[in-house]
Amino acid sequence: MVEPAPNFRPSRSKVAYYYDNDVGNFSYGFGHPMKPHRMRMAHNLILNYGLDKHMEILRPPRATRQQMTKFHTDEYIDFLSRVTPESAPKLTGDGTRYLIGEDCPAFDGLFEFCTISCGGSIAGANRINDGLADIVVNWSGGLHHAKKREASGFCYTNDIVLAILELLRTHSRVLYIDIDVHHGDGVEEAFYVTDRVMTCSFHKFGDFFPGTGDVRDIGMKKGKAYAVNVPLRDGIDADTFGSIFRPVIQHIMDWFRPGAVVLQCGADSLAGDKLGCFNLSMRGHANCVEFVKSFGVPMMCVGGGGYTVRNVARTWTFETGLLLGKELPVDLPFNDYIQYFGPEYKLDVPSTGMDNLNTPQYLDGLRTRIIDNLRSMPFAPSVQMQETPRTSLLSAAGADPDLSEDEDSDLDERISQRLRDRHTQAFGDVLSDDEDEPNSMTAYEADMAMMQAAARPPAGPWAPPMPMPLGGAAGPSLMTYPRE
């Protein structure tokens, strides 16, 4: 039986959607279950439902090596930029480093593929930081298994960790939620000893990749109790999943009070997935997205797993509509991949008759244990933050951001003079040309200390800032997406 559609409410959030036309051109190799083509299918379906008219569509800038080494090691990123199918055995020591095992092959265009997935998530995080979007969507991201110095589980670079690191520049606390059937081990590992990021993963646990994510794994040192794992059994359906997802997330949101949320929407937890063992319907999966959205916290949705491509495309299209507050017709519109969706041609992924091995007793005990762990924590962590500049140094100094190379010779001198002029206007004194002169530097440092103290948030319970009033027209159509 098809579940009733959830009650949609009109959305006033500004949604930014990142997509690169090249992402569907890559292939992990013949017979590999990961198909980047699924992102192209989802995007085409989104366009044919007309959702592009209600959100800003952007082509993300490709992530640079410098951006990716904010988490990954220099050696690993250098390896990814050089490896080819032919050179892989030599560069990996016959599979003993970087690309271990057979699940992460070295395919043509590997590094470019990584720059696309990371570029969208990094750009989306910056867009949230700048107050230009309340919700960001990057279905090409969500590669949650990648580690600091090696690939894992079809994931080469961890765009989620890179995005969270950007969000932490502005937000005191960030919450990561993972509804992929596999444990979000790469993200959890990256933030296992910090209290500024809470990770919460709902996943299959047991004899299943990656084999981590026990309920007893709760973090270490300063991050103790800031990792939440919800290990589930085969066959969990939408109602059962919701019965544990909602109370756990509600308690985390009430207690942790994040300034931003990253939601990994891996579609391999859907019924009928080629590698999954859960039994979620499309609407059951989307109910998790809707529940997280209901808190009104700045939010980034990324992709992840999903190996029955027609179901991935349907679900991510439906969830894009949900984020926009749009109820989509159940009959699929004509699209470039209509043949994939037969014979029913419906926007729906129903549950199957799979046995649900998650008993009420098991889930009650799991829920009680997790919430008791959270209740044992006295308060949300307090982080002294300073106001993050909304403009670059060049803009603050009044410089032209499009300076040519010929103008760079005296750039430092001109910026320095601009900043001195700004200081004179603000404080009524003049900085000495001698940076080591005691009197001028002491006065300057005192001024800066006063400014920093004024920028710190007041003491006491922290609450996320109110979103900035936003507006603007919908994004451009296909093939004209502006780069940020």
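Labelled according to an unreviewed UniProt entry, the protein appears under the name Histone deacetylase, originating from Malassezia globosa. What the UniProt record of the protein gives under Catalytic activity (unreviewed entry) is the line "N(6)-acetyl-L-lysyl-[histone] + H2O = L-lysyl-[histone] + acetate". Taken from UniProt, the Subcellular location (unreviewed entry) comment for the protein reads in full: "Nucleus".

A. Seen up close, the overall build of the protein. If you tally the helices and strands in the protein, you get 14 helices and eight strands. Scored against the burial criterion, the 484 residues of the protein give a buried share of 52%. Taking as baseline every contact in the protein between residues at least 6 positions apart, the subset at least 24 positions apart corresponds to 79%. For the protein, the accessible area works out to roughly 22,100 Å², and carbon and sulfur atoms hold 52% of it.

B. Main features of the pattern of salt bridges. This structure, assessed with the given rule, holds 18 salt bridges. One salt bridge in this structure joins Arg127 and Glu56, with 2.9 Å as the shortest N-O distance. In this pair, Arg127 sits in helix H5 (residues 110-129) while Glu56 sits in strand E2 (residues 56-58), placing the two residues 71 residues apart along the sequence. One exposure class covers both Arg127 and Glu56, and it is buried. Beyond isolated ion pairs, a larger network of salt bridges with shared partners links Asp20, Asp22, Arg59, Arg62 and Glu112.

C. The packing of helix H8 (residues 238-256) against helix H11 (residues 360-375), seen in detail. One can describe the packing of H8 onto H11 by two numbers: an axis separation of 10 Å at closest approach and a directional angle of 5 degrees. Considering their axes alone, H8 and H11 lie roughly parallel with respect to each other. Between H8 and H11, the residues in contact are Thr240, Ser243, Ile244, Pro247, Val248, His251 and Ile252 and Leu363, Leu366, Arg367, Ile370, Ile371, Leu374 and Arg375, respectively. The residue makeup of the contact of H8 with H11, split by class, is nine nonpolar, three polar and two charged.

D. Spatial organisation of the UniProt feature "binding site: a divalent metal cation" (unreviewed entry) in the protein. The UniProt feature table records "binding site: a divalent metal cation" (unreviewed entry) at Asp180, His182 and Asp268. In summary, the annotated positions, though distributed over 89 residues, converge in three dimensions, the widest C-alpha pair being only 8.2 Å. Tracing the backbone shows Asp180 in the loop between strand E4 (174-178) and helix H7 (185-190). Setting aside anything within four residues of it in sequence, one finds Asp180 in contact with His144, Phe202, His203, Gln264, Gly266, Asp268, Ser269, Gly304 and Gly305. A polar contact of 2.8 Å, which involves the side chain of Asp180, links it to the backbone nitrogen of His182. With respect to the helices and strands, His182 occurs in the loop between E4 and H7. Excluding anything up to four places from it in sequence, His182 contacts His144, His145, Ser201, His203, Phe208, Phe209, Pro210 and Asp268.

E. View of the state of the cysteines. Taken as a whole and judged by the stated rule, the model has zero disulfides. Unpaired in terms of disulfides, Cys104 finds its nearest cysteine sulfur in Cys155, a separation of 6.8 Å. Cys288 carries a free sulfur, and the closest cysteine sulfur to it, the one in Cys265, is 8.7 Å from it.

F. Inspection of H11 at higher detail. Its 16 residues place the ends of H11 22 Å apart at the C-alpha level, agreeing with the 22 Å of an ideal helix rising 1.5 Å per residue. Of the residues making up H11, those classed as buried are Leu363, Leu366, Arg367, Ile370, Ile371 and Leu374. The arc that holds every buried residue of H11, seen down its axis, measures 120 degrees, which confines them to one face. Across H11 from its buried face, at more than 90 degrees, point the exposed residues Gln361 and Arg375.

The rules behind these values
Residue positions are counted from 1 within each chain, in the order its sequence is given. With the structure being a predicted model, the display of local features is reserved for residues of pLDDT at least 70 and the display and counting of side-chain atom pairs for 80 or more, all residues being used for whole-chain, interface and lining totals. Calculated side-chain values reflect all of the structure's heavy atoms, with hydrogen atoms and water omitted. UniProt positions are given in the numbering used here, feature names are shortened, and annotations may be inferred rather than shown by experiment. Where helices and strands are cited, they refer to DSSP runs of H or I of at least four residues and of E of at least two residues respectively, numbered from the N terminus. Note on classification: 1.4 Å probe, protein chains only; a residue is buried when its accessible area is under 20% of the maximum for its type, exposed when over 50%, partly exposed between these limits. Contact criterion: two residues are considered in contact whenever any of their non-hydrogen atoms come within 4.5 Å of each other. Each accessible area value is a Shrake-Rupley result obtained with a 1.4 Å probe; residue values ignore everything except the protein chains displayed when judging cover. We define a salt bridge as a contact between a side-chain nitrogen of Lys or Arg and a carboxyl oxygen of Asp or Glu at a distance within 4 Å. Structural elements are reduced to axes, namely lines fitted to C-alpha atoms, with helices fitted over the stretch in contact, and the angle between N-to-C directions of any two is expressed from 0 to 180 degrees. By definition in this entry, angles of less than 35 degrees are roughly parallel, angles greater than 145 are roughly antiparallel, angles of 65 to 115 are roughly perpendicular, and the rest are oblique. Each residue gets one label: Ala, Val, Leu, Ile, Met, Phe, Trp, Tyr, Cys and Pro are nonpolar, Asp, Glu, Lys and Arg are charged, and the others, such as Gly, are polar. Throughout this description, a polar contact denotes any pair of N or O atoms lying within 3.5 Å of each other; where both atoms belong to protein, one of them has to be capable of donating a hydrogen while the other can accept it, and for residues adjacent in sequence the pair is counted only when both atoms sit in side chains. Working definition: a disulfide is two cysteine sulfur atoms within 2.5 Å of each other. The span expected for a helix works out to 1.5 Å for each residue beyond the first. Taken from the helix axis, the directions to the C-beta atoms give the arc we talk about.

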